[in-house]
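Survey of secondary and tertiary structure
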Amino acid sequence: MLDFLIAKIHDPKFMTLVMAAIAVAATAYSLITPMFAGDGLAKRMKAVASERERLRQRERERLSKNDRASLRQSPRQLVSKVVTDFNLGKWLAQEAALDKLVMAGYRGQAPYVTFLFFRAVMPIVFLIFSVIYVFLLSNLEYSMPIKIGMCLVATYLGMQAPMIFLKNAIGKRQLSIRRAFPDALDLLLICIESGMSIEVAFRKVSIEIGSQSVALAEEFTLTTAELSYLQDRKVAYENLAKRTGLEGVKSVCLALMQSERYGTPLGQSLRVMAQENRDMRMNEAEKKAAALPPKLTVPMILFFLPVLFVVILGPTGLKVAAMQ
């Protein structure tokens, strides 16, 4: 049975059929999944509400100086036990990873403990699978140092896999925020010029912008909570800039902090920054459009031109073959 599986894995025709089946399944999944996708706004807003309750609880603890239970979500028992028993927080703790988790939308102790768990487990899993494949399943005609090097490369990839996942999550979240942020600034400007306070304006914009960007609505709602419960309002703006990691958001937060400190008018600053963020969004779209022709060159050569030649020269070839 094992020899049969190894032979099938190294059979080009069989592997081609398997890859084609995987491609068809992935295409069908990508087409069907949006039909069953639920609205994530309510779920994210519920999570932000729990974060607001945590802020309220922390301020009450600070005022009363009583030790009370935290409202943060606790990690799974197995994951927490592994992290605690092996003291992974000492060996694998990274301040940058903690900041990246916040930027990706994962807050509290549970995501950090889960990250440490996968940071320790994934290299072992990749090493085991690479050893099984290189030394048992495949018949690779390489020397022993090369096989060991392949296993070490797989282990390194397993070590970097959690960070790659975080980078992808941060990129998707920042893209959603970047696309909706100019419209959110316009709404914020309208609310402020109508006489609303900054807390009410953030709350109103978070409700209206939720249909366009759940991540931005979540950040604005959390900023509203921090403005309400933190002593220094400057910290709330700094936290917003830190959680998003976008230059446009940082400039707006800086303008808000200057307005809080010096009492400068905020309307004109928001109008200028909204236009700047809109120009940045348009420049990014133009940059992607300009980079499209070089990216399409190889796919056109590999897929479009052969089919075009078959369509054009196919009838002629058939006629020539029939004449012979």
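Rules behind the numbers
- Residues numbered from 1 in each chain as written.
- Predicted model: local features only at pLDDT ≥ 70, side-chain atom pairs only at ≥ 80, totals over all residues.
- Heavy atoms only, no water.
- Helix = DSSP H or I, 4+ residues; strand = E, 2+ residues; numbered from the N terminus.
- Buried < 20%, exposed > 50% of the residue type's maximum accessible area, 1.4 Å probe, protein only.
- Contact = heavy atoms within 4.5 Å.
- Areas by Shrake-Rupley, 256 points an atom, 1.4 Å probe, with all protein chains shown as cover.
- Core = buried A, V, L, I, M, F, W, Y, C linked by side-chain atoms within 4.5 Å.
- Salt bridge = Lys/Arg side-chain N within 4 Å of Asp/Glu carboxyl O.
- Axes fitted to C-alpha atoms, helices over the stretch in contact; angles between N-to-C directions.
- Parallel < 35°, antiparallel > 145°, perpendicular 65-115°, else oblique.
- Left-handed = near helix turned anticlockwise from the far one by under 90°.
- Nonpolar A, V, L, I, M, F, W, Y, C, P; charged D, E, K, R; others polar.
- Phe/Tyr/Trp six-rings, centres within 6.5 Å; stacked < 30°, edge-to-face > 60°.
- Expected span 1.5 Å × (residues − 1).
- pLDDT = per-residue confidence, 0-100.
- Arc of directions from axis to C-beta.
- Polar contact = N/O pair within 3.5 Å; in protein donor to acceptor, adjacent residues only side chain to side chain.

1. A short note on the overall build of the protein
- Secondary structure assignment for the protein yields 14 helices and zero strands.
- Its helices and strands in sequence order give the protein the pattern α-α-α-α-α-α-α-α-α-α-α-α-α-α, from N to C terminus.
- Every one of the 324 residues in the protein was classed for burial, and the buried ones make up 29%.
- Here the contacts in the protein between residues at least 6 apart in sequence split such that 67% fall between residues at least 24 apart.
- Here the protein has roughly 21,300 Å² of accessible surface; of this, 66% comes from carbon and sulfur atoms.

2. Things to note about the environment of Pro182
- Mapping Pro182 onto the fold places it in helix H8 (residues 144-193).
- A C-alpha to C-alpha distance of 5.0 Å links Pro182 and Ala274, two positions 92 residues apart in sequence.
- For Pro182, the contacting residues outside a window of four places in its chain are Ala274, Asn277, Arg278 and Arg281.

3. Comments concerning the nonpolar core
- The biggest cluster of nonpolar side chains holds 35 residues, and the ones touching the most others in it are Phe202 and Leu270.
- It is H8 that contributes the most residues to this core, nine residues altogether.
- When neighbours within four sequence positions are excluded, Phe202 is seen to be in contact with Leu188, Phe220, Thr223, Thr224, Leu227, Tyr237, Leu240 and Leu256.

4. Some thoughts on the pattern of salt bridges
- Going through the model one piece at a time under the given rule, you end up with 16 salt bridges.
- A salt bridge links Glu219 to Arg107; its shortest N-O distance comes to 2.8 Å. With Glu219 in helix H10 (residues 214-229) and Arg107 in the loop between helix H6 (95-103) and helix H7 (109-137), the pair connects residues that are 112 residues apart, well separated along the chain.
- One salt-bridge network, held together by shared partners, links Arg107, Arg173, Glu218, Glu219, Glu226 and Arg243.

5. As for the packing of helix H9 (residues 198-208) against H10
- Their axes nearest at 8 Å, the elements H9 and H10 cross at an angle of 155°. When the axis of H9 is compared with that of H10, the two are roughly antiparallel. Crossing hand, H9 versus H10: left-handed. Contacts between H9 and H10 pair Ile198, Glu199, Phe202, Arg203, Val205 and Ser206 from the former with Ala217, Phe220, Thr221, Thr223, Thr224, Leu227 and Ser228 from the latter.
- Split into classes, the residues belonging to the contact of H9 with H10 amount to six nonpolar, five polar and two charged.

6. Focus on the packing of aromatic side chains
- For the structure shown, the criterion picks out two aromatic pairs.
- With 5.4 Å between their ring centres and 80° between their planes, Phe117 and Phe118 make a pair best called edge-to-face.
- Relative accessible area serves as the criterion here: at 39%, Phe118 is assigned to the partly exposed category.
- Seen in terms of ring centroids, Phe202 and Phe220 are 4.9 Å apart; in terms of plane orientation they differ by 90°. Their pairing is edge-to-face. On the criterion of sequence distance, the pair formed by Phe202 in helix H9 and Phe220 in helix H10 is long-range, its members being 18 residues apart.

7. Considerations on the packing of H10 against helix H11 (residues 233-244)
- Look at H10 against H11: their axes get within 9 Å of each other, and the N-to-C directions meet at 160°. By the angle between their directions, the pair H10 and H11 is classed as roughly antiparallel. The way H10 lies across H11 gives a crossing that is right-handed. On H11, the residues that touch Glu219, Phe220, Leu222, Thr223, Glu226 and Leu227 of H10 are Arg233, Ala236, Tyr237, Asn239, Leu240, Arg243 and Thr244.
- For the contact of H10 with H11, the per-class residue count stands at six nonpolar, three polar and four charged.

8. Topic: H10
- Helix length check: H10, at 16 residues, gives a terminal C-alpha distance of 23 Å against a target of 22 Å (1.5 Å per residue), a fit within 8%.
- Of all 16 residues in H10, 13 are buried, a share of seventy percent or more.

9. A word on the confidence of the model for the protein
- On average, the protein scores 79 in pLDDT, and the residues at 70 or more come to 79%.
- Here helix H5 (residues 88-91) stands out as the element of the protein with the lowest mean pLDDT, 52, in contrast to H11, whose mean of 89 is the highest.
- This model gives residues 66-74 a pLDDT under 50, and the stretch forms 13 contacts once residues within four places in sequence are excluded.

10. Observations regarding H11
- Look at H11: 17 Å from first C-alpha to last across 12 residues, which is about the 16 Å you get at 1.5 Å a residue.
- Listed as buried for H11 are Ala236, Tyr237, Leu240, Ala241, Arg243 and Thr244. For H11, the arc enclosing every buried residue in end-on projection is 170°, short of the 170-degree limit, so these residues lie on one face.
- N-cap assignment for H11: the residue whose side-chain oxygen lies 3.2 Å from the backbone N of Lys234 is Asp232.
- Once H11 finishes, Gly245 follows within two positions and takes phi at roughly 70°, a positive value.

11. Here we look at the side chain of Thr155
- Note that Thr155 resides in helix H8.
- Residue Thr155 is classed as buried on the basis of its relative accessible area of 16%.
- If we ignore the near neighbours within four places in the chain, the residues touching Thr155 are Pro123, Phe126 and Leu127.

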